[in-house]
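Observations on chain architecture
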Amino acid sequence: MLCVFRVVAVFKESDTTVTGVAIISYDEKPGIQAIGNTAPDLPPRPGAHEAFARDHEYKRHGTLSLLAGIDLLTGRVHARIEDRHRSREFVAFLKQLDAAYPPQTAIKLILDNHSAHISKETRAWLATQPEGRFCFVFTPKHGSWLNLVEGFFSKMTRSMLRHIRVASKAELKNRITAYLDDLNRDPVIHSWTYKIGNAA
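Residues numbered from 1 in each chain as written. Predicted model: local features only at pLDDT ≥ 70, side-chain atom pairs only at ≥ 80, totals over all residues. Heavy atoms only, no water.

1. Focus: the overall build of the protein chain
Filter applied, for reference: We count a stretch as a helix when DSSP gives it H or I for four or more residues in a row; a strand needs E for two or more, and each element gets its number in order from the N terminus. With a 1.4 Å probe rolled over the protein chains alone, any residue whose accessible area is under 20% of its type maximum counts as buried; one over 50% counts as exposed, and the rest are partly exposed. Only heavy atoms matter for contacts: two residues are in contact if any of them lie within 4.5 Å across the pair. For the accessible areas, the method is Shrake-Rupley and the probe is 1.4 Å, while residue cover comes only from the protein chains on display.
Per the secondary structure count, the protein chain includes 6 helices and 5 strands. Relative to its 200 residues, the protein chain shows a buried fraction of 38%. The contacts of the protein chain with a sequence gap of at least 6 include a subset with a gap of at least 24, amounting to 69%. Taken as a whole, the protein chain presents about 11700 Å² of accessible surface, with 53% of it coming from carbon and sulfur.

What follows is the structure in structure tokens.
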């Protein structure tokens, strides 16, 4: 996996446009809660409270799972928002990637050993694809933090999902979709800066 990050760094250092390969840092973020207010937020009021006030009670509308991969060469985020993250949802994500890149592109995914990634259903679908189309590079067990997409999820949690209140799961899905669309309008290319020698 560290060698894949080094390959990405070499591609970035070259002045040529990289074609024929896509390197995707992928993971799932399950259990994103759709939480709603039981009463409207109170706006700030001089002399009473300086910030918005919110009732501590809330309603649960359910949860969503975000399946996301960052193209480490372009910064584009590929994502699906699902109710669950089983093999069928993962295969649907792979199909989405397949449609996003030209047929001759080799798609390398950096991902963990989640059961959906190595299931019979996933392996059966991969067996139908041309040789070399998909290549999985697994993070070490207990080492999924090495995957760059984890930093993306952390930033998303701190900036967009923190204290979010919605009226339904559909609203939460729409707001996450809008956030991802905004990111993809001006993609940021992520870099893994930890030294390979330090991680060995």
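Picking up where we left off.
2. Concerning the pattern of salt bridges
Applied cut-off: Take a side-chain nitrogen of Lys or Arg and a carboxyl oxygen of Asp or Glu: if they are within 4 Å of each other, that pair is a salt bridge.
Evaluation of the coordinates by the stated rule reveals 6 salt bridges. For the salt bridge of glutamate 82 with arginine 80, the shortest nitrogen-to-oxygen distance reads 2.9 Å. With a closest N to O distance of 2.7 Å, arginine 86 and glutamate 89 form a salt bridge. Since its relative accessible area comes to 30%, arginine 86 is described here as partly exposed.

3. Concerning the packing of aromatic side chains
Note the threshold: Each aromatic pair joins two rings of Phe, Tyr and Trp (for Trp, the six-membered one) with centres within 6.5 Å, and gets the label stacked for planes under 30 degrees apart, edge-to-face for over 60, and tilted for any other angle.
According to the stated counting rule, one finds 6 aromatic pairs in the structure shown. With 5.8 Å between their ring centres and 45 degrees between their planes, phenylalanine 152 and phenylalanine 153 make a pair best called tilted. Both residues of the pair, phenylalanine 152 and phenylalanine 153, count as buried. Chaining the aromatic ring pairs together yields one cluster made of Tyr26, Phe90, Phe93, Phe136 and Phe138.

4. Describing the sheet that holds strand S5 (residues 134-138)
Counted only if it meets this: A pair of strands is treated as paired once DSSP finds two or more bridges between them. Between N-to-C directions, angles cover 0 to 180 degrees, with each direction set by a line fitted to C-alpha atoms, over the stretch in contact for helices.
With mixed pairing, 5 strands are arranged side by side in an open sheet as S3-S2-S1-S4-S5. Strand pairing shows two members of the sheet lacking a second neighbour, strand S3 (77-82) and S5, which therefore form its edges. Averaged over all pairs of adjacent strands, the angle between their axes in this sheet comes to 25 degrees, without regard to strand direction. Where strand S4 (residues 106-111) and S5 come together, 5 bridges link them in parallel fashion. Looking at the pairing, isoleucine 110 lines up with valine 137 of S5. Each of strand S1 (21-37), strand S2 (58-71), S3, S4 and S5 touches helix H2 (residues 87-100); the most contacted strand, S3, lies at about 145 degrees to it. Each of S1, S2 and S3 is contacted by helix H4 (residues 149-161), which is oriented at about 30 degrees to S1, the strand it contacts most.

5. Re the packing of H4 against helix H5 (residues 169-185)
This is how it is decided: Each angle gets one of four labels, with under 35 degrees taken as roughly parallel, over 145 as roughly antiparallel, 65 to 115 as roughly perpendicular, and the rest as oblique. Each crossing gets its handedness from the near helix: less than a right angle anticlockwise from the far helix is left-handed, clockwise is right-handed. Gly is placed with the polar residues, together with every amino acid not listed as nonpolar (Ala, Val, Leu, Ile, Met, Phe, Trp, Tyr, Cys and Pro) or charged (Asp, Glu, Lys and Arg).
Relative orientation of the contacting elements H4 and H5 amounts to 120 degrees, with a least axis distance of 12 Å. Judged by the inter-axis angle, H4 sits oblique to H5. Relative to H5, the crossing made by H4 is right-handed. Of H5, the residues touching H4 (which contributes Phe152, Met156, Ser159, Met160 and Leu161) are Leu172, Arg175, Ile176, Tyr179, Leu180 and Leu183. Class assignment for the residues of the contact of H4 with H5 results in 9 nonpolar, 1 polar and 1 charged.

Shape descriptors only; they carry no functional weight alone.
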